[in-house]
Amino acid sequence: MISTACSRNLVQSLRAASAFSKFGTYYRYTSQAVSSLQQVCESSAYSDDDCADMDWDNLGFGLVPTDYMYSMKCSDYRQFEQGQLSRYGKIELSPSAGVLNYGQGLFEGLKAYRKEDGQLILFRPDQNAIRMDIGAKRMCMPCPSIDQFIDAVKQIALANKRWVPPPGKGSLYIRPLLMGSGAILGLAPAPEYTFLVFASPVGNYFKEGLAPLNLYVEDEFHRATPGGAGGVKTISNYAPVLKALGRAKNRGFSDVLYLDSVNKRNLEEVSSCNIFIVKGNVISTPATNGTILEGITRKSIIEIARDCGFQVEERAIPVDELVDADEVFSTGTAVVIAPVGSITYGDKRTEYKTGAGSVCGELHSTLVGIQRGIIEDKKGWTVQIH
């Protein structure tokens, strides 16, 4: 049950849910920012009395059912109607729903963080809304407006506020879904669509926690092909990677790094995150060309890296360049920024620099500092919910 104080705060917060925080356009990584981040991670003035009773220190990336979910519907490609909160629980779908029969569905992922003063903060939710709209057009689906999307995300964060971990202990992962919920038998767009948002408190995505990842280069299976839907966040992109991912994990690897399906020589992305390589002052990442998802964390890291003086290249990266790289790291909403300790390609294993003094660590400190409200956001990326 939610305490009286939490209920009162929820009502007050919902009334002010449209507040945004806007700042300027420039900031830079500093050693002071890293120091501030470490201090908050070690101790916080925030009291977690209003938080759910959980072992926040051992929070992984698994589903923890929260109190509320949000839904709204659209029929015959008209505008989405007014949505509403309801208790978290099962939903009802026709056996012939478009999403079940033809995979007509998209999803997004973003996080809410708790600041030291207890206030909630979101990171670039407008970018998730824009990406869902792009994906909806590719999948022949109507989509909520940017305002509707952001409002739904705010409501879910506030309604489940007690599930947002204390500062530095994790985040509330928010999962918006857009699916063809209407009944359809022949192959065609569904006649009805449902936009559904739920949330779960999460910690580190990988079981290794913050330890370096060990990747395996997959040269048999492919994540996406030119002309397909690899560049949008459709649900149909993810089940096909499970076989390769399961095989790699059974051999002791953390995840799979995929190559392009045409030449089988250029890096694409990891199963659920983008990839970067570092050589000297140059940071390179595969160019998005329709087969690679344009990650929001990817986009943010590119901008942060350039502000920090790095040369960032978006280009085709031959797999052979892995041998000469100084560092490798992956980015994504779930993983944030994960250092890669080694990559195995065929029978050759290459190891990379990680830990103190690494470029990955520098970028991670800056990004997380902004996301948690520790470092001043001068780019207008964060949205504070009062």
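Structural notes, computed from the coordinates. (Residues numbered from 1 in each chain as written. Predicted model: local features only at pLDDT ≥ 70, side-chain atom pairs only at ≥ 80, totals over all residues. Heavy atoms only, no water.)

## Notes on the side chain of T344
- Turning to its location among the elements, T344 is positioned in strand β15 (residues 336–345).
- In this view, T344 contacts L215, Y216, V217, F253 and R349; residues no more than four positions away in its chain are not counted. (Helix = DSSP H or I, 4+ residues; strand = E, 2+ residues; numbered from the N terminus. Contact = heavy atoms within 4.5 Å.)

## Here's the deal with empty space enclosed by the protein
- Applying the stated criterion to the full structure yields 2 cavities of 30 Å³ or more.
- Roughly 100 Å³ of internal volume is contained in the largest cavity.
- Forming the boundary of the largest cavity are G109, L110, K111, Y113, F123, N128, I296, T297, T333 and Q371.
- If you list the elements that add at least two residues to the lining of the largest cavity, you get β4 (110–114) and α7 (296–307).
- Taken as a whole, the second largest cavity spans an internal volume of roughly 30 Å³.
- Around the second largest cavity, the lining residues are L106, F107, E108, R131, M132, G135, V232 and K233.
- Elements supplying a minimum of two residues to the lining of the second largest cavity: β3 (105–107) and α4 (125–138).
- The leading source of residues in the lining of the second largest cavity is α4, at 3 residues.
- Of the residues belonging to the lining of the second largest cavity, the class tally is 4 nonpolar, 1 polar and 3 charged. (1 Å grid on protein atoms, 1.4 Å probe; cavity = no way out; pocket = protein on both sides within 12 Å on 5 of 7 lines; lining within 4 Å. Points joined across faces, edges and corners; volume = space filled by probe spheres on them. Nonpolar A, V, L, I, M, F, W, Y, C, P; charged D, E, K, R; others polar.)

## Description of the side chain of T331
- Secondary-structure assignment places T331 in strand β14 (residues 327–332).
- Setting aside its immediate chain neighbours within four residues, T331 contacts C273, N274, F276, T297, R298, I301, V336 and I337.

## Brief notes about the environment of T331
- T331 gets classed as buried once you look at its relative accessible area, which sits at 0%.
- Along the sequence, T331 and E269 sit 62 residues apart, while their C-alpha atoms lie 9.8 Å from each other. (Buried < 20%, exposed > 50% of the residue type's maximum accessible area, 1.4 Å probe, protein only.)

## A closer look at unusual backbone geometry
- Positive phi, normally seen in glycine, also occurs at R124, with a value near 50 degrees.
- The residue R124 is located in the loop between β5 (120–123) and α4 in this model.
- Since its relative accessible area comes to 8%, R124 is described here as buried.
- You will see that K264, though not glycine, has its phi angle at about 55 degrees, which is positive.

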